[in-house]
Amino acid sequence: GHTNVLSVYSTSHRLSGWVKKQCGDYRRLELGDTSSPLTPERVQRLESIGFQWDPHRKNSWKEMYKRLHTYKNEHGDCLVPSDYPPDQELAKWCQVQRGLGKKKLTSERFNLLKDLGFIWSKQSHVWKQRIEQ
């Protein structure tokens, strides 16, 4: 089986409505909307069964993480500039991850970014670097 329930093709309108709501709540959560009823724990549970938040989405979280990993290998850090012409999508994704932070990301995603050396606050990072000089 699979978890791609498209409302156009689904014979169960209740199920497709529920899936659509989960996807909408997930988008709100990604944007930092604290009123989203979808918790990081629920996200983790749904992802554990292969739930796809947007099967039509250009790049998944895992794909963006891989691109960040590649960026780090090339540049030595995870400080993707907010204006990064080679990959504006990655720059925006990093901004969103910072906005979500530990409270909104699943613990798995937070730890993956943390272990990679993701900088959660660019200002604090720059300030610390200047103090150390």
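**Q** Tell me about the packing of aromatic side chains, and please be specific about residues and values.
**A** Scanning the entire structure with this criterion turns up eight aromatic pairs. Taken together, a centroid distance of 5.6 Å and an interplanar angle of 10° make the contact between W61 and Y65 stacked. Linking W61 with Y65, this pair stays in helix α3 (residues 61–75), spanning four residues, or about one helical turn. Each member of the pair W61 and Y65 is classed as buried. Between the aromatic rings of F110 and W120, the centroid separation amounts to 4.8 Å while the plane-to-plane angle is 20°, which identifies the pairing as stacked.

**Q** Give a description of the environment of G101 that names residues and reports values.
**A** Checked against the element boundaries, G101 lands in helix α4 (residues 88–104). For G101, a relative accessible area of 11% corresponds to the buried category. Residues within four places of G101 in sequence aside, it is in contact with F110 and W120.

**Q** Residues and numbers for the nonpolar core, please.
**A** Counting residues in hydrophobic clusters, the biggest one holds 19 residues, and the most contacted among them are L68, V80, L90, W93, C94 and L113. If you tally residues by element for this core, the top one is α4, at six residues. Ranked by size, the runner-up nonpolar core spans nine residues in total, among them V19, L38, F51 and W53.

**Q** Describe in detail empty space enclosed by the protein, supporting the description with residues and values.
**A** Counted by the stated rule, this structure contains one cavity of 30 Å³ or more. In this model, the largest cavity occupies a volume close to 70 Å³. Taken together, Y26, L29, E30, V43, W61, Q97, L100, K104, L105, T106 and R109 form the lining of the largest cavity. Broken down by secondary-structure element, the contributors of at least two residues to the lining of the largest cavity are α1 (13–30) and α4. The class makeup of the residues in the lining of the largest cavity is six nonpolar, two polar and three charged.

Conventions we followed
- Chains are numbered independently. Their residues run from 1 in the order of the written sequence.
- Note on the predicted model: pLDDT of at least 70 is required for a residue's local features to be given, and 80 or more for side-chain atom pairs to be given and counted; whole-chain, interface and lining totals, by contrast, use all residues.
- Side-chain calculation: all heavy atoms of the structure are included, whereas hydrogens and water are not.
- The rule is short: rings of Phe, Tyr and Trp, with Trp giving its six-membered ring, pair when the centres are within 6.5 Å, and they are stacked under 30 degrees, edge-to-face over 60, tilted in between.
- Secondary structure counts use DSSP, requiring at least four H or I residues in a row for a helix and at least two E residues in a row for a strand, with both numbered from the N terminus.
- Any residue under 20% of the maximum accessible area for its type is buried, any over 50% is exposed, and the rest in between are partly exposed; the area is computed with a 1.4 Å probe on protein chains only.
- What makes two residues a contact is simply this: any of their non-hydrogen atoms within 4.5 Å.
- Here, nonpolar core refers to any group of buried Ala, Val, Leu, Ile, Met, Phe, Trp, Tyr and Cys residues whose side-chain atoms link them within 4.5 Å.
- The pocket and cavity definitions rest on a 1 Å grid over protein atoms only: a 1.4 Å probe that fits but cannot leave marks a cavity, an open set with protein on both sides within 12 Å along at least five of seven lines marks a pocket, and residues lining either have an atom within 4 Å of a point.
- Grid points are joined across faces, edges and corners, and a volume is the space filled by probe spheres set on the points.
- Each residue gets one label: Ala, Val, Leu, Ile, Met, Phe, Trp, Tyr, Cys and Pro are nonpolar, Asp, Glu, Lys and Arg are charged, and the others, such as Gly, are polar.

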